[in-house]
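Now for the letters of each chain:
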Amino acid sequence: MKKLILILLTVLTLNQVQAQGKKTEKATFGMGCFWCTEAIFQRLKGVTAVKSGYEGGTLANPTYEEVCTGATGHAEVLQITYNPMEISYDELLEVFWKSHDPTTLNRQGADSGTQYRSVIFYHTPEQKALADKYKAELNKTNAYGKKVVTAIESAKPFYAAESYHQNYFNKNGDEAYCRLVILPKLEKLEKVFKAKLKK
């Protein structure tokens, strides 16, 4: 009887570990043009899905053209589905902060407007605590030589962007914007986070 109970407990424990391994979580980041953000995060081990979209505004189901006016209040964001057993939220935050300039308000490179703001939309109290702690540490150590202005806000309704925005770099890698703006970011990613990339 004891042997049978031990076998049952072992099976239950294995099932729990497997279930935890399959559990995914969401993270949402805005760091300028979502074409760039998508190309970066879809290359990370543990990231199982990415979707470009709009978040943080007042208009339901906004279009790209409406968001581009800056009048809807949305940011271009990437919603990331990831396996926390393979990549932690802290690691995602590290990639987020090292892959754009979080000290420029409503601007990334040539892209300007509130839709290009640096923002973290947290999905859990734990994500908020980690993001707040990380941002505070960056400012305390003056990591960028300027204050980090990244907004940290509770997740709002997320609206997926139009289909032609999805998987943009992989489908349009030869276009000038992809070669001149996105490719250098991916080359930096390869150097800084090589161990975290998918094979």
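A. Molecular detail of the overall build of the protein. Per the secondary structure count, the protein includes 7 helices and 8 strands. By the burial criterion, 38% of the 199 residues in the protein qualify as buried. Sequence-distant contacts, at least 24 apart, represent 77% of the contacts inside the protein between residues at least 6 apart. When the accessible area of the protein is evaluated, it comes to approximately 10,800 Å², of which 58% is carbon and sulfur surface.

B. Highlighting the sheet that holds strand S6 (residues 118-122). Taken in spatial order, the 6 strands make up an open sheet running S7-S6-S1-S3-S2-S8, and their pairing is mixed. Where the open sheet ends on each side, the last strands, each with one partner, are strand S7 (151-154) and strand S8 (158-160). Here the average twist between neighbouring strands, direction ignored, is 35°. With 4 bridges connecting them, strand S1 (residues 25-31) and S6 associate as antiparallel partners. Its bridge partner being in S6, Met31 is matched across the sheet by Ser118. Each of S1, strand S2 (47-55), strand S3 (75-82) and S6 touches helix H4 (residues 89-98); the most contacted strand, S1, lies at about 15° to it.

C. Representation of helix H5 (residues 125-140). Between its terminal C-alpha atoms H5 stretches 22 Å, which fits the 22 Å expected from 16 residues at 1.5 Å a residue. If you check which residues of H5 are buried, you get Gln127, Ala131 and Leu138. Each buried residue of H5 sits inside an arc of 30° when the element is viewed along its axis, so together they form one side. Every exposed residue of H5 that faces more than 90 degrees away from the buried side is listed here: Pro125, Glu126, Lys133 and Lys140. As for H5, its buried residues are in contact with S1, S3, H4, S6 and S7.

D. Examining the nonpolar core more closely. Ranked by internal contacts, the top residues of the largest apolar core, which has 41 residues, are Phe29, Phe41, Leu44, Leu92 and Ile120. When sequence neighbours within four positions are dropped, the list of residues in contact with Ile120 reads Thr28, Phe29, Tyr89, Leu93, Phe96, Trp97, Ala131, Thr150, Ala151, Ile152 and Glu153.

E. Broad picture of the pattern of salt bridges. Counted according to the given criterion, the structure contains 5 salt bridges. One salt bridge in this structure joins Glu91 and Lys196, with 2.9 Å as the shortest N-O distance. Within this pair, whereas Glu91 is found in helix H4, its partner Lys196 is found in the segment after helix H7 (176-192), the two being separated by 105 residues in sequence. Look at Glu91 and you get partly exposed, because its relative accessible area is 24%. In this structure, Glu153 and Lys156 form a salt bridge, with 3.5 Å as the shortest nitrogen-oxygen distance. Residue class for Glu153 comes out partly exposed when judged on its relative accessible area of 24%.

F. Spotlight on the packing of aromatic side chains. Inspection of the entire model under this criterion finds 9 aromatic pairs. Between Trp35 and Tyr177 the ring centres are 5.5 Å apart and the planes differ by 80°, which places this aromatic pair in the edge-to-face class. Here Trp35 is found in helix H2 (residues 34-41), whereas its partner Tyr177 is found in helix H7, with 142 residues between them in sequence. By relative accessible area, which is 24% here, Tyr177 ends up partly exposed. Put simply, the rings of Phe29, Phe41, Tyr89, Phe96, Trp97 and Tyr134 touch in pairs and so form one group of aromatic residues.

Quick notes on the rules
Residues numbered from 1 in each chain as written. Predicted model: local features only at pLDDT ≥ 70, side-chain atom pairs only at ≥ 80, totals over all residues. Heavy atoms only, no water. Helix = DSSP H or I, 4+ residues; strand = E, 2+ residues; numbered from the N terminus. Buried < 20%, exposed > 50% of the residue type's maximum accessible area, 1.4 Å probe, protein only. Contact = heavy atoms within 4.5 Å. Areas by Shrake-Rupley, 256 points an atom, 1.4 Å probe, with all protein chains shown as cover. Pairing = 2+ DSSP bridges. Axes fitted to C-alpha atoms, helices over the stretch in contact; angles between N-to-C directions. Expected span 1.5 Å × (residues − 1). Arc of directions from axis to C-beta. Core = buried A, V, L, I, M, F, W, Y, C linked by side-chain atoms within 4.5 Å. Salt bridge = Lys/Arg side-chain N within 4 Å of Asp/Glu carboxyl O. Phe/Tyr/Trp six-rings, centres within 6.5 Å; stacked < 30°, edge-to-face > 60°.

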